[in-house]
Amino acid sequence: MENTSNSNTKSIIGFLIFLGLAAGAVALALNGKKDELPPVTQDENSTGAATTTITTTTTTGTSTAVTAFKNGTYSATGTYTSPAGKEQVNVSVVIENDIVTDATFKGLAENAISIKMQEQFAAGYRTQVIGKNISSLTLTKVSGSSLTPIGFNDALGKIKDDAQRI
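The shown structure was predicted, so the numbers you read here are calculated from the model rather than taken from an experiment.

> Talk me through the overall build of the protein chain; I want residue IDs and the actual numbers.
Per the secondary structure count, the protein chain includes three helices and seven strands. Starting at the N terminus, the α and β elements of the protein chain follow one another as α-β-β-β-β-β-β-β-α-α. In the protein chain, buried positions account for 23% of the 166 residues. Within the protein chain, contacts between residues at least 6 apart in sequence are counted, and of these 47% link residues at least 24 apart. Accessible surface, the protein chain as shown: approximately 10800 Å² in total, 55% of it carbon and sulfur.

Here is the structure:
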């Protein structure tokens, strides 16, 4: 009688090998067909409604880059709540092939402590933003500021919505 755990492991390994072979066959079948329509996938969101994702591929020389966001400069205002009340920040980013290549930040706080925290954030955020993929970019604490990043992330969310390829 074979051990059930060992049998399950063999089944999983067999399935993974099958997936690898299938992926290889698909890659061979698609080789050289870069000018065709982009792939479309459908998923269900949390409400059960179908959502459609289209991945756009651009070709640069011999390499192919798949991008989810349109290249360009985008700006938005983000908000957050500090102990002094509602605060705002302006954020602008330049996106090239889903990478943030430049960013500007302007704090709009009126409270003295919030102004100080926004200035601290402004002094240190760029190293955490420039050169990063925008799709996974989320800031937490920056240069001692833990609330200003919330406003930055709010603005960044609006920018992602504006720049997203549909």
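> Can you tell me about the sheet that holds strand E7 (residues 99-107), naming the residues and giving the values?
Pairing between the strands of a sheet is mediated by backbone hydrogen bonds and can be parallel or antiparallel. Strand order across the open sheet formed by three strands is E5-E6-E7, with antiparallel pairing between neighbours. Edge positions in the sheet fall to strand E5 (72-82) and E7, since each has one partner strand and no second. Neighbouring strand axes in the sheet, compared pairwise and without regard to direction, differ in orientation by 25° on average. Pairing analysis gives 11 bridges linking E5 to strand E6 (residues 85-96), with the strands arranged antiparallel. Residue pairing in the sheet places Gly72 in a bridge with Ile95 of E6. Along the sheet, helix H3 (residues 148-163) contacts E5, E6 and E7; its crossing angle with E5, the most-contacted strand, is approximately 145°.

> Quick rundown of the environment of Thr79? Include the residues and the values.
Within the secondary structure, Thr79 sits in strand E5. On the basis of relative accessibility, which here comes to 26%, the residue Thr79 falls in the partly exposed class. Each C-alpha atom, one on Thr79 and one on Thr148, is 8.6 Å from the other, the two residues being 69 residues apart in sequence. Beyond its immediate stretch of four places on either side in the chain, Thr79 contacts Lys86, Glu87, Gln88, Ile150, Gly151 and Asp154.

> Describe helix H2 (residues 112-124), and please don't skip the residues or the numbers.
The end-to-end C-alpha separation of H2 is 19 Å, in line with the 18 Å expected for 13 residues at 1.5 Å each. Among all positions of H2, only Ser114, Gln118, Phe121 and Gly124 are buried. The buried residues of H2 occupy one face: seen down the axis, they fall within an arc of 135°. Exposed side of H2, more than 90 degrees from the buried face: Ala112, Glu119 and Ala123 are the residues found there. Packing partners of the buried residues in H2 comprise E5, E6, E7 and H3.

> Account for the nonpolar core, with residues named and values stated.
In this structure, Val93, Tyr125 and Phe152 are the most contacted members of the largest nonpolar core, which totals 23 residues. Looking at this core, the elements with two or more residues in it are E5, E6, E7 and H3. In terms of residue count, H3 provides more of this core than any other element does, five residues in total.

> Requested: an account of the side chain of Asp98, with residues and values cited.
Among the structural elements, Asp98 can be located in the loop between E6 and E7. Here Asp98 sits buried without a salt bridge, and the closest side chain of opposite charge, Arg165, lies 6.0 Å off (N-O distance). The residues contacting Asp98, other than those within four sequence positions of it, are Val66, Thr67, Ala68, Phe69, Asn71, Lys132, Asn133 and Ile134.

> An account of H3 is requested, with residue identities and associated values reported.
Here H3 spans 22 Å end to end across 16 residues, near enough to the 22 Å set by a 1.5 Å rise per residue. Buried residues of H3: Thr148, Pro149, Gly151, Phe152, Ala155, Leu156, Ile159, Lys160 and Ala163, and no others.

> Can you tell me about the confidence of the model for the protein chain, naming the residues and giving the values?
Do not read the predicted coordinates in detail wherever pLDDT is low. Overall, the prediction assigns the protein chain a mean pLDDT of 78, with 61% of residues at 70 or greater. Below a pLDDT of 50 lies the segment residues 32-60, which in the model reaches 34 contacts outside its immediate sequence neighbourhood of four places, other chains included.

Conventions used here
- Residues numbered from 1 in each chain as written.
- Predicted model: local features only at pLDDT ≥ 70, side-chain atom pairs only at ≥ 80, totals over all residues.
- Heavy atoms only, no water.
- Helix = DSSP H or I, 4+ residues; strand = E, 2+ residues; numbered from the N terminus.
- Buried < 20%, exposed > 50% of the residue type's maximum accessible area, 1.4 Å probe, protein only.
- Contact = heavy atoms within 4.5 Å.
- Areas by Shrake-Rupley, 256 points an atom, 1.4 Å probe, with all protein chains shown as cover.
- Pairing = 2+ DSSP bridges.
- Axes fitted to C-alpha atoms, helices over the stretch in contact; angles between N-to-C directions.
- Expected span 1.5 Å × (residues − 1).
- Arc of directions from axis to C-beta.
- Core = buried A, V, L, I, M, F, W, Y, C linked by side-chain atoms within 4.5 Å.
- Lys, Arg positive; Asp, Glu negative; His and termini not counted.
- Salt bridge = Lys/Arg side-chain N within 4 Å of Asp/Glu carboxyl O.
- pLDDT = per-residue confidence, 0-100.

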